[in-house]
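Geometric and topological summary
Here's the letter readout for the chains.
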Amino acid sequence: MARLPLHFRSGTELGRLLRAGKLKSQALLEQCLEQYARHNGALNAVVVTDIARAKKAAAAADRRLKKGKPLGPFDGVPMTAKESFDWSGTPSTWGDPRFRDNIASADAVAITRLTGAGAVIYGKTNVPLMLADWQSFNAIYGTTNNPWDVTRSPGGSSGGSAAALATGMSALEIGSDIGASIRNPAHYCGVYGHKPTYGVVPYQGHLLPGIVEPGDISVAGPLARSARDLAAMLKLLAGPAGPEARGYALTLPPARQKSLKDFRVAVMVTDEQSEVDLPVQDLIGQLTQFLGKRVRKLSTTARPQFSTKEAMDVYIALLRSATSRRQTDEDFITNQRKVAATDPLDDSYLTKMLRAYVLSHRDWLKYNERRHQMRLLWDQFFEDWDVMICPAAASAAFPHDHEGERHERKITVNGKRVPTTDQLFWAGYSGCFYLPSTVAPMGLTPEGLPAGVQIITRSYGDYTSIRFAELLEKEYGGFIPPPGY
């Protein structure tokens, strides 16, 4: 990391340089803005800016740092934020033209906590329509490209976030994740992302107009170019806000493990619910071989005591129930009619999605009960294992495909065209059960595309999965810049 240009170094290192007086925040911001000016035209990662405000914030950071009074570990470090997070005076559209004029009157809690520690925000990054794709394109801002190959997706829904980080346009990012929306872009762009335990990071300021209660499964969390940054950001982000903060405080346990030899590691390379492309399988295999001689215990067969088919079914039911409130009344009635006309034995993704959109509350309670039973089975599993490593998605970044509906599109996996929605399995295997997951870079495919490993651990063990990512970064490999940036 130390030999990388400044704009590619970790936020933690940049913070240290700033506090030591070896770097000025205003100069660092200018470097990031140079990257933005040079490359954003081709990538379209950053879609909203307030550079004048950022320059004032950087100047204020320099004054504090000169006095030796930093606000936090990232005082003076440039950041961007996912477009859906409220940043006062700027639009939060979620890529939907209906919300083009939704101008935030205050900052989201997550942004307040990062800027309150001195981070300097200058812009917001692109998303798909309603944050509902592993691509990042919409009718307001257009399409974001992957910096490793501009013909491919950077992921979604925090796709602009990952692209901005990977190209040195910013050092820190805040994203959200209900279906791998932090993990997928981190994997596609070769950066780090952490999906926290459900409810750990406040969601206030990341909600559509008129909504005050976060939906099921969805979380907010950090993206960065270093695992250490994830840990430092999570310390700032985690903990209740609003009325909840009057009643309780959050204490996430620190990681007990000091080195790889302290870890018990389960490995999952592929699954019949979502077959994984061989280049990604090979990278996980190489990592597994590396770990085999270095960890306390390793298994390629250990699994929680429920089937992956049931995990996928429960996730789709609860995921699509969680997003069902986006339907209009007319949509709901139409979907009820479609479901009534389906074959009861139809097990296709589309039919399961439609059923979830109109699920009765009684049936939702059944799925929710089974979810929590399975959560306890995960917890039992983590009595014997510290982490499970597995893919973040079925393949490396795929070519842009904006035709039709998401559930109609396909990607190539091992020479076969398969539904993109199959890989929801890798999102839901941890996400449905509220578990934290960290994605860390593990290398490049033969095509020269990055791939990340997903590190799952038990509820509220966030710092354990991040610690494992930190050790991999130190001993195996970490962020590398895409060529040409």
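Quick look at the structure, then.

Definitions and limits used
Residues numbered from 1 in each chain as written. Predicted model: local features only at pLDDT ≥ 70, side-chain atom pairs only at ≥ 80, totals over all residues. Heavy atoms only, no water. Helix = DSSP H or I, 4+ residues; strand = E, 2+ residues; numbered from the N terminus. Expected span 1.5 Å × (residues − 1). Buried < 20%, exposed > 50% of the residue type's maximum accessible area, 1.4 Å probe, protein only. Contact = heavy atoms within 4.5 Å. Phe/Tyr/Trp six-rings, centres within 6.5 Å; stacked < 30°, edge-to-face > 60°. 1 Å grid on protein atoms, 1.4 Å probe; cavity = no way out; pocket = protein on both sides within 12 Å on 5 of 7 lines; lining within 4 Å. Points joined across faces, edges and corners; volume = space filled by probe spheres on them. Nonpolar A, V, L, I, M, F, W, Y, C, P; charged D, E, K, R; others polar.

For helix H3 (residues 51-66), with 16 residues, the first-to-last C-alpha span of 22 Å sits near the 22 Å given by 1.5 Å per residue. Looking only at H3, the buried set comprises Ala-54, Ala-58, Ala-59, Ala-60, Ala-61, Asp-62 and Leu-65. Residues of H3 that are buried make contact with helix H1 (11-19), helix H2 (25-43) and strand E3 (120-125). Positive phi appears at Gly-68, one or two residues downstream of H3, with a value of about 75°.

A few words on the packing of aromatic side chains. What the rule picks out here adds up to 15 aromatic pairs. Where Phe-306 meets Trp-378, the ring centres are 6.1 Å apart and the plane angle is 70°; that geometry is what we call edge-to-face. Remark: Trp-378 occurs in helix H13 (residues 361-384) and Phe-306 occurs in the loop between strand E10 (297-299) and helix H10 (308-322); sequence separation between them is 72 residues. Each member of the pair Phe-306 and Trp-378 is classed as buried. Aromatic side chains Trp-378 and Phe-381 sit 5.6 Å apart centroid to centroid with 85° between the ring planes, which places their arrangement in the edge-to-face category.

So, on to empty space enclosed by the protein. One pass over the structure, following the stated rule, counts two cavities of 30 Å³ or more. Looking at the largest cavity, its volume works out to about 120 Å³. Forming the walls of the largest cavity are 14 residues, and the residues nearest its centre are Leu-131, Ala-132, Ile-178, Arg-320 and Arg-406. Considered class by class, the residues forming the lining of the largest cavity number six nonpolar, four polar and four charged. The space that makes up the second largest cavity amounts to roughly 50 Å³. Lining the second largest cavity are Asp-133, Trp-134, Gln-135, Phe-398, Asp-401, Arg-406, Arg-409, Lys-410, Ile-411 and Thr-420. Of the residues in the lining of the second largest cavity, the class split is three nonpolar, two polar and five charged.

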